[in-house]
Structure formats: C-alpha cells, structure tokens
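For reference, the chains in residue letters:
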Amino acid sequence: MRGMGGTGEDGEDCPFAFNFDSASFKVGDTVSYRVSTMDDWPFVGTLLEVHADYVLISPGPTEPDARYRGTRESRPMVDGSEI
C-alpha cells in the first residue's frame, strides 16, 4: 500500500492509504476506483469482496447500501450504469 502524499490541501498528506497492487487486494483495503462515465475521475472506496476477476466496492458511509462491481486492476473500473 502507498498513500498519495502531498495531495491534500496546502501540501498536506492525503488521509487515505490506497492499495494499488491488485494481486494483494483483500477485504477492507481502501482503493482508488474509476467510473467509466466520469472521465477517469478518482473515487475512494473500500473493498467488500475480492474475486479472481472482479471486486465489490463500497463507496463509503454516505451510501451505506451501495455496492459497485469493479474490475480487478490497480484502480478498479466500475461501469457507469451501476452508479
């Protein structure tokens, strides 16, 4: 895992430690994911399930019941139709 140091306001470190290594993904990891309809904009989520070829992501406490299926790659891709 590695954080995104220096990406906060005024040079502060980002408060998230992201896992960008898809081979080591595990439940509970924080990931940066993308949505196919949102021009590669980064989102933060937590892995709920990890499978051989996909992951299930929770977008966080503001949407406690949402579950997004994403590709299993360093920054998972979620199909925009799921949002």
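For the structure, see preceding data.
So, a few notes on the structure that sits alongside this text. Just so you know, these numbers come straight off a predicted model, no measurement behind them. (Residues numbered from 1 in each chain as written. Predicted model: local features only at pLDDT ≥ 70, side-chain atom pairs only at ≥ 80, totals over all residues. Heavy atoms only, no water.)

**Let's talk about the overall build of the chain**
Under the convention used in this document: Numbering of helices and strands runs from the N terminus, with a helix taken as a DSSP run of H or I at least four residues long and a strand as a DSSP run of E at least two residues long. A 1.4 Å probe rolled over the protein chains alone gives each residue an accessible area, and that area as a share of the maximum for its type sets the label: buried under 20%, exposed over 50%, partly exposed in between. We call two residues contacting when some pair of their heavy atoms lies within 4.5 Å.
Within the chain one finds zero helices and seven strands. A burial count over the chain gives 33% of its 83 residues as buried. A fraction of 29% describes how many contacts in the chain between residues 6 or more apart in sequence connect residues 24 or more apart.

**A word on the side chain of Asp29**
This is how the line gets drawn: Polar contact is the term for a pair of N or O atoms within 3.5 Å; when the atoms are in protein, one must be able to donate a hydrogen and the other to accept it, and sequence-neighboring residues count only if both atoms are side-chain atoms.
By the element assignment, Asp29 lies in the loop between strand S2 (17-18) and strand S3 (30-35). Judged by its relative accessible area of 2%, Asp29 is buried. Polar side-chain contacts of Asp29 include one of 2.9 Å to the side chain of Lys26.

**As for the environment of Pro61**
Along the chain, Pro61 falls in the loop between strand S5 (54-58) and strand S6 (68-71). Residue classification places Pro61 among the exposed residues on the basis of a relative accessible area of 78%. Measuring from C-alpha to C-alpha, the distance between Pro61 and Gly45 comes to 9.8 Å, with 16 residues separating the pair along the chain.

**Overview of the pairing of S5**
Basically, it comes down to this: A pair of strands is considered paired only if DSSP assigns at least 2 bridges between the two.
In terms of burial, S5 is a largely internal element, five of the five residues being buried. With burial as the criterion, each face of S5 is covered, one bearing Tyr54, Leu56 and Ser58 and the other bearing Val55 and Ile57. Bridge analysis of strand S4 (residues 43-50) against S5 gives four bridges, and the strand direction is antiparallel. The residue of S5 that forms the bridge with Val50 is Val55. By the bridge criterion, four bridges tie S5 to S6 in an arrangement that is antiparallel. Bridge pairing in S6 links Val55 to Gly70.

**Examining the nonpolar core**
Test applied: By convention a nonpolar core is built from buried Ala, Val, Leu, Ile, Met, Phe, Trp, Tyr and Cys residues, the set being connected through side-chain atoms within 4.5 Å.
Within the largest apolar cluster, ten residues are counted, these being Phe25, Val31, Tyr33, Val35, Leu47, Val55, Ile57, Ala66, Tyr68 and Val78. When residues of this core are traced back to their parent elements, those giving at least two are S3 and S5. When residues of this core are assigned to their parent elements, the largest contribution, three residues, is made by S3. With residues near it in sequence (within four places) discarded, Leu47 still touches Phe25, Lys26, Val27, Gly28, Asp29, Val31, Val55, Leu56 and Ile57.

**Quick look at the environment of Thr71**
Within the element layout of this structure, Thr71 appears in strand S6. Given the relative accessible area of 32%, Thr71 is considered partly exposed. Measuring from C-alpha to C-alpha, the distance between Thr71 and Leu56 comes to 8.9 Å, with 15 residues separating the pair along the chain. Setting aside residues no more than four positions away along its own chain, Thr71 makes contact with Asp53, Tyr54, Val55, Pro76 and Met77. A polar side-chain atom of Thr71 sits 2.6 Å from a polar atom in the side chain of Glu73.

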